[in-house]
Structure formats: C-alpha cells, structure tokens
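# What the coordinates show
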Amino acid sequence: MLRHVTAGIDGSPESLAAAHWAAREAARRGAALRLVHAWEWHPRPAPSVPADMSQRALAEDLPARAADSMRAAHPGLQVIGQAVADSPVAALLQANEQAELLVLGSRGLGGVAGFLMGSVSQRVVARAPRPLVLVRVGGSAADEHFSAPDGISPEEIPGIPYRDVVLGLDTDRPCEELIEFAFDAAGRRASSLRVIHAFSGPPSFAAADTLVPVRGPELLAEHEHAVVAALRPWREKFPEIAVAESVTEGRAADELISASAGAALVVVGRRIRETRLGTHIGAVTHAALHHAPCPVAVVPHA
C-alpha cells in the first residue's frame, strides 16, 4: 500500500495551510500527499453550484485544483486528490485510519481567544484512532525553522535548522506511542526535543493538618526520576537527538503552552476512552489545541 500523509481540504485558507504543511511532512517521510475533500449531495444545490455542472463534478474539481497547486509548490512530491461522497467527519476519520498522519487546519482568532477549531475538527480529534496534526492558518515553512539571515531566498529555508519539537509528558501513565512519535518527529527534522512535565504539589494546608511535611524537593526529585526513566529507552533508540527535560511544579497546560512559543511542533496525547458524555480530549490537549501558536500533533493511545 502507498504510504501517504493526508490533509483534509475544503477550499478554506486554513485547509490550504494544512495541505502545505502536510506536503512538507510527506516529503520528510518520503511519502505521498493525499488531499481529501468530503462532500454530500443535496436535493437543492447551493446557488454557488453552476447550472451546467453537477455537484459531484464541482466537488471533484476542488481536490484536482488543489493537487495541481501542491505539485507546483512542492516539485517531485506525489500528490493524489480525492473527493469523497460522505459526511466530513466520517470521511476524515476513514482517511485518518488509512494514513500515516492526518493534517487539519485551524483558524486564528488572536489574543486570549486563541485558535478556533471547527466542529468537524473537534469531532475528528476526539475520535481519531491514529495521529493527526492541527495546523494554524497563516503559518509557513519559515516558521518551522530558526530565524534566517536577512536576504535569504525561499529555496534556502530548508537549510536553516528546525526549531525544537516539544513533548508534553505525563509520567503517571507514560505512553510509548506518544514518546516515539515525538522522538521520530525530532529525528526527521534533525532538531532537539524538549520534554515538558508539570506536576501538582500537595495542598498548601497539608502540613498544617497532618504531621507529614510537604516534600517539595523530594517530590520534584521523584518526578525528575520518573521523566528520566520514561525517556531512557527512547534516548537509547535515538542517540542522535538532543533531549532537554523541564520538570516543574505547576499547571501542565500553562507550562506546555509557554514552551510551545518558538517550537516547530508540539506533541500531546489523547487517551482513547469513552465517558457517559462521549469521547474526551483532555484538558491539557484541549488547551494546546486552542492556544499553542505552532502546529499541534495529537497522538491517541490506550
């Protein structure tokens, strides 16, 4: 089967950003790029559908034109455009199952509001069985690299070192799929990997109500040792990757979002579980998706 990275497209600026990022990722992986556009037949076509064109023909035209654009922008990359007659969520979940990676776009709002995930993206993120990446509209290839000297041409950008990959790590339930994805992403970019782990200390009233002292330094050391232990086999498997760990007491979401500034990619996990209210993304992953300024990779795991 042909290895490929898939981008969901709908003609919007955010889906175009996702397609370009997916094209660069496909090139890094030596894989093909697949562009998927989901459409549903309506008994009353929208006014935008030309009278001499069927809904299917119009739907198939979008990925065909997008594929031509990607081939022109990324010479040598194999690009496949496909229109799928299905609901967007169902089509993208199926695409996620078949691809090494699914890439979707998100809209920027700026300020405290963060980035906007549409309802389709939210449902796909919450249910996707395989890794996916959410890309910010307005991003470019240059944003993945450290600042280039003045006067450098676009063709020279790939020669500038990549910014760090950032991994949010929970040592209570470390996940091999998540850690491996982060190391692999750093390896493909020849970048450093920054591992962020934050923990909550004992309640401030614990020392007053009990005879057990609050173990600040000891607790920090325990978490540092847990991070080292979780990463040890992956450091041995990827000895060429420089790894820096940050272990702090505080809110994990705040620490991760702070570390994401200036990163090439943030990698977070999503535990596959069903609650009585449906699927669950998780507070830290939810915060990263809405507030990390760089692309965010979500890796589902048991």
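Please read these numbers as outputs of a predicted model, since none were measured by experiment.

## Concerning the overall build of the chain
Scanning the chain for helices and strands turns up 9 helices and 13 strands. Surface accessibility of the chain: about 15,300 Å² in total, with carbon and sulfur atoms responsible for 55%.

## Here we look at the pattern of salt bridges
Under the counting rule described, the total for this entry stands at 15 salt bridges. A salt bridge links arginine 28 to glutamate 144, with the shortest nitrogen-to-oxygen separation between them at 3.3 Å. Taken together, the residues span a long stretch of sequence, with arginine 28 in helix α1 (residues 13-29) and glutamate 144 in the loop between β6 (132-136) and β7 (165-168) at a distance of 116 residues. Of the two residues, arginine 28 and glutamate 144, neither departs from the other in class, the shared state being buried. A single salt-bridge network, built from bridges that share partners, covers Arg3, Arg24, Glu25, Arg28, Arg29, Glu100, Glu144 and Arg189.

## Overview of the nonpolar core
In summary, soluble globular proteins display a tendency toward joint burial of nonpolar side chains. Counting residues in hydrophobic clusters, the biggest one holds 49 residues, and the most contacted among them are Leu33, Leu35, Phe183, Leu193, Leu265 and Val267. Not counting the four nearest positions on each side in its chain, valine 267 is found in contact with Val165, Val166, Leu167, Gly168, Leu178, Phe181, Ala182, Ala297 and Val299.

## With respect to the pairing of β7
Residues Val165 and Leu167 line one face of β7 and the alternating positions Val166 and Gly168 line the opposite face, and both faces are buried. For β7 and strand β8 (residues 193-199), the ladder comprises 4 bridges, and the chain directions are parallel. Paired with glycine 168 across the two strands is isoleucine 196, which belongs to β8. Considered for its hand, the β-α-β crossover made up of β7, helix α5 (residues 176-189) and β8 is right-handed. As judged from the 3 bridges shared by β7 and strand β10 (residues 265-271), these two strands associate in the parallel manner.

## Let's talk about the packing of aromatic side chains
For the structure on display, the rule yields 1 aromatic pair. Of note, arginine 28 hangs over the ring of tryptophan 21, and the distance from its end group to the ring centre comes to 5.5 Å. Across the ring face of phenylalanine 115, the terminal group of arginine 136 is positioned such that the distance to the ring centre comes to 4.1 Å.

## Some thoughts on the environment of leucine 169
Summarising the element assignment, leucine 169 is placed in the loop between β7 and α5. According to the relative accessible area criterion, leucine 169 is buried, its value standing at 6%. Remark: the alpha-carbon pair of leucine 169 and valine 195, spanning 26 residues in sequence, is separated by 6.6 Å. For leucine 169, the residues in contact, after removing those within four places along its chain, are Ile179, Val195, Ile196, His197, Val227, Ala230 and Leu231.

## Quick notes on the environment of alanine 22
Mapped onto the elements of the fold, alanine 22 is located in helix α1. Counting along the chain gives 15 residues from alanine 22 to alanine 7, while the straight-line C-alpha distance between them is 6.1 Å. Leave out the neighbours within four places in its chain, and alanine 22 touches Val5, Ala7, Leu33 and Val103.

## Side note on the confidence of the model for the chain
When pLDDT is averaged along the chain, the result is 89, and 87% of the positions lie at 70 or above. Taken element by element, the predicted model of the chain shows its lowest mean pLDDT in helix α6 (residues 206-209) (51) and its highest in β7 (98).

## Focus: the packing of helix α3 (residues 88-98) against helix α4 (residues 119-127)
Their axes nearest at 9 Å, the elements α3 and α4 cross at an angle of 40°. Here α3 lies oblique to α4, going by the angle between them. By crossing handedness, the relation of α3 to α4 is classed as right-handed. Two secondary-structure elements touch here, α3 through Pro88, Val89, Leu92 and Leu93 and α4 through Val120, Arg123, Val124 and Arg127.

Here is what the cut-offs are and how they apply
Per chain, the residues get numbers from 1 upward, laid out in the order the sequence is written. Residue-level local features of this predicted model are given only where pLDDT is at least 70; pairs of side-chain atoms are given and counted only at 80 or more, and the full residue set underlies all totals for whole chains, interfaces and linings. The basis for every side-chain value is the complete set of non-hydrogen atoms in the structure, without hydrogens or water. Secondary structure elements are defined from DSSP: runs of H or I of at least 4 residues count as helices, runs of E of at least 2 residues count as strands, and each element is numbered from the N terminus. Using a 1.4 Å probe, accessible areas were evaluated by the Shrake-Rupley method; residue-level cover was limited to the displayed protein chains. We count a salt bridge whenever a side-chain nitrogen from Lys or Arg sits within 4 Å of a carboxyl oxygen from Asp or Glu. In this scheme, a residue with accessible area under 20% of its type's maximum is buried, one over 50% is exposed, and one in between is partly exposed, where area comes from a 1.4 Å probe on protein chains only. Buried residues of nine kinds, namely Ala, Val, Leu, Ile, Met, Phe, Trp, Tyr and Cys, make up a nonpolar core once their side-chain atoms join them within 4.5 Å. Whether two residues are in contact is decided by their heavy atoms: any pair within 4.5 Å suffices. In short, DSSP must find at least two bridges between two strands for them to pair. Clockwise travel from the first strand over the helix to the second, with the strands pointing away from the viewer, marks a crossover as right-handed. Stacked, edge-to-face and tilted labels apply to pairs of Phe, Tyr and Trp rings (six-membered ring for Trp) whose centres lie within 6.5 Å, assigned for plane angles under 30 degrees, over 60, and everything in between, in that order. Look at NZ for Lys and CZ for Arg. If either is within 6 Å of the ring centre and within 35 degrees of the ring normal, a charge sits over the ring. Confidence of the predictor in every single residue is expressed as pLDDT, which spans 0 to 100. Only the stretch in contact is used when a helix axis is fitted, and all axes are lines through C-alpha atoms; the angle between N-to-C directions ranges over 0 to 180 degrees. Should an angle fall under 35 degrees it is taken as roughly parallel, and over 145 as roughly antiparallel, whereas 65 to 115 is taken as roughly perpendicular and any remaining angle as oblique. By the definition used in this description, the sense in which the near helix is turned from the far one sets the handedness, with an anticlockwise turn below a right angle giving left-handed and a clockwise turn giving right-handed.

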